[in-house]
Structures are given as structure tokens and as C-alpha cells.
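The primary structure of each chain is shown beneath.
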Amino acid sequence: MTPDPVPPSDTPGGGAGHPVNRKAIYSVICGFGAFLVLWVFPFGAFVLGVPAVTTGVHGRREIKLSRGTERGDTAAIAGLTAGATTLALLVLTLVLP
């Protein structure tokens, strides 16, 4: 079964007019926010890190299922990576004396 063709974009650049997935944007904001507050407010890093990971995963899934009508996979990966790295560093700082 072949996938549905993506309609051509009216904007120059081919696909620049497609919207960015909101969960990917939320993932970037939460992920880098968590990284910034890691050493100052560890609980805040946890509170922002978990949503960064979950919204990154769900955003990537929605982008994949949209079949080219949404973009932002790189943003979702960046937020997911920042959130996961922050959570890993948080666990290491709590476990290691």
C-alpha cells in the first residue's frame, strides 16, 4: 500500500509552510529549561525533565503519523535529548555523594 501523496506547498522552499508540532516545541522549552535549573533547583529540573521526554516522544510519533503535514522532528529530538540528559545528570548527582 502506497502512502498518500503530500500536496505541493504554495510557499517557496517546498515544505516551509507546514506547521511545527506543538509537542515538539513544548519538549524543547521544557528540556532546555530543565537543563538550566538543574544545579539551582533540582526538583524543578525533574518537574521540567519528565514532560520534556514525554512530549518529545509523543511529538515524534505525531510527526511520523502526519505523513509530512507537520514538521519539527529535530526540535522533538533536541527536547527529548535535553530532558533525558538532565534526568540522567539529576540521578547521578543524587546517587553519587
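The text that follows walks through the structure, step by step, so that each part is easy to find.

About the cut-offs
- Residues numbered from 1 in each chain as written.
- Predicted model: local features only at pLDDT ≥ 70, side-chain atom pairs only at ≥ 80, totals over all residues.
- Heavy atoms only, no water.
- Helix = DSSP H or I, 4+ residues; strand = E, 2+ residues; numbered from the N terminus.
- Buried < 20%, exposed > 50% of the residue type's maximum accessible area, 1.4 Å probe, protein only.
- Contact = heavy atoms within 4.5 Å.
- Areas by Shrake-Rupley, 256 points an atom, 1.4 Å probe, with all protein chains shown as cover.
- Axes fitted to C-alpha atoms, helices over the stretch in contact; angles between N-to-C directions.
- Parallel < 35°, antiparallel > 145°, perpendicular 65-115°, else oblique.
- Left-handed = near helix turned anticlockwise from the far one by under 90°.
- Nonpolar A, V, L, I, M, F, W, Y, C, P; charged D, E, K, R; others polar.
- Salt bridge = Lys/Arg side-chain N within 4 Å of Asp/Glu carboxyl O.
- Phe/Tyr/Trp six-rings, centres within 6.5 Å; stacked < 30°, edge-to-face > 60°.
- Polar contact = N/O pair within 3.5 Å; in protein donor to acceptor, adjacent residues only side chain to side chain.

### Some remarks on the overall build of the protein chain
Right, on to step 1. Summing up its helical and strand segments, the protein chain has three helices and zero strands in all.
Right, on to step 2. Reading the secondary structure of the protein chain in the N-to-C direction produces α-α-α.
Right, on to step 3. In the protein chain, which comprises 97 residues, the share counted as buried stands at 27%.
Right, on to step 4. In the protein chain, the proportion of contacts linking residues at least 24 apart, taken out of those at least 6 apart, comes to 71%.
Right, on to step 5. With an accessible surface of roughly 6,500 Å², the protein chain has 72% of that area assigned to carbon and sulfur atoms.

### Considerations on the packing of helix 1 (residues 22-37) against helix 3 (residues 73-95)
Right, on to step 1. Orientation of helix 1 relative to helix 3, taken along the N-to-C sense of each, is 30°, at an axis distance of 7 Å. With respect to helix 3, the element helix 1 is oriented roughly parallel. Relative to helix 3, the crossing made by helix 1 is left-handed. Residue-level contacts link Ala24, Ser27, Val28, Gly31, Phe32, Ala34 and Phe35 of helix 1 to Ala75, Ala76, Ala78, Gly79, Leu80, Ala82, Gly83, Thr86 and Leu89 of helix 3.
Right, on to step 2. Grouping the amino acids of the contact of helix 1 with helix 3 by side-chain chemistry returns 11 nonpolar, five polar and no charged.

### Things to note about the pattern of salt bridges
Right, on to step 1. Across all of its chains, the model carries two salt bridges by this definition.
Right, on to step 2. Between Glu62 and Lys23 there is a salt bridge, with the nearest N and O atoms lying 2.8 Å from each other. Pair noted here: Glu62 is in helix 2 (residues 42-65) and Lys23 is in helix 1, with a separation of 39 residues, a long-range link.
Right, on to step 3. Look at Lys23 and you get partly exposed, because its relative accessible area is 30%.
Right, on to step 4. Here Arg60 ties to Asp73 by a salt bridge, and the two come within 2.8 Å at their closest N and O atoms. Of this pair, Arg60 sits in helix 2 while Asp73 sits in helix 3; the two residues are 13 residues apart in sequence, bridging distant segments of the chain.

### Quick word on unusual backbone geometry
Right, on to step 1. Despite not being glycine, Arg67 shows a phi value in the positive range, around 55°.
Right, on to step 2. Position of Arg67 among the secondary structure elements: in the loop between helix 2 and helix 3.

### Considerations on the packing of helix 2 against helix 3
Right, on to step 1. Contact pair helix 2 / helix 3: the axes reach a minimum separation of 8 Å and the direction vectors enclose 150°. Regarding helix 2 and helix 3, the two cross each other, and that crossing is left-handed. In this structure, helix 2 contributes Pro42, Ala45, Phe46, Gly49, Val50, Ala52, Val53, Gly56, Val57, Arg60 and Ile63 to the contact, and helix 3 contributes Asp73, Ala76, Ile77, Gly79, Leu80, Gly83, Ala84, Thr86, Leu87 and Leu90.

### Looking at the packing of aromatic side chains
Right, on to step 1. The tally for this structure, following the rule as stated, stands at one aromatic pair.
Right, on to step 2. Ring plane angle 80° and centroid distance 6.4 Å describe the contact between Phe41 and Phe43, whose orientation is recorded as edge-to-face.
Right, on to step 3. We classify Phe41 as partly exposed; its relative accessible area is 48%.

### Things to note about the side chain of Thr86
Right, on to step 1. You can see Thr86 is positioned in helix 3.
Right, on to step 2. One polar contact links the side chain of Thr86 to the main-chain carbonyl oxygen of Ala82, over a distance of 2.7 Å.
Right, on to step 3. Apart from the residues lying within four places of it in its own chain, the contact partners of Thr86 are Gly31, Ala34, Phe35, Leu38 and Ala45.

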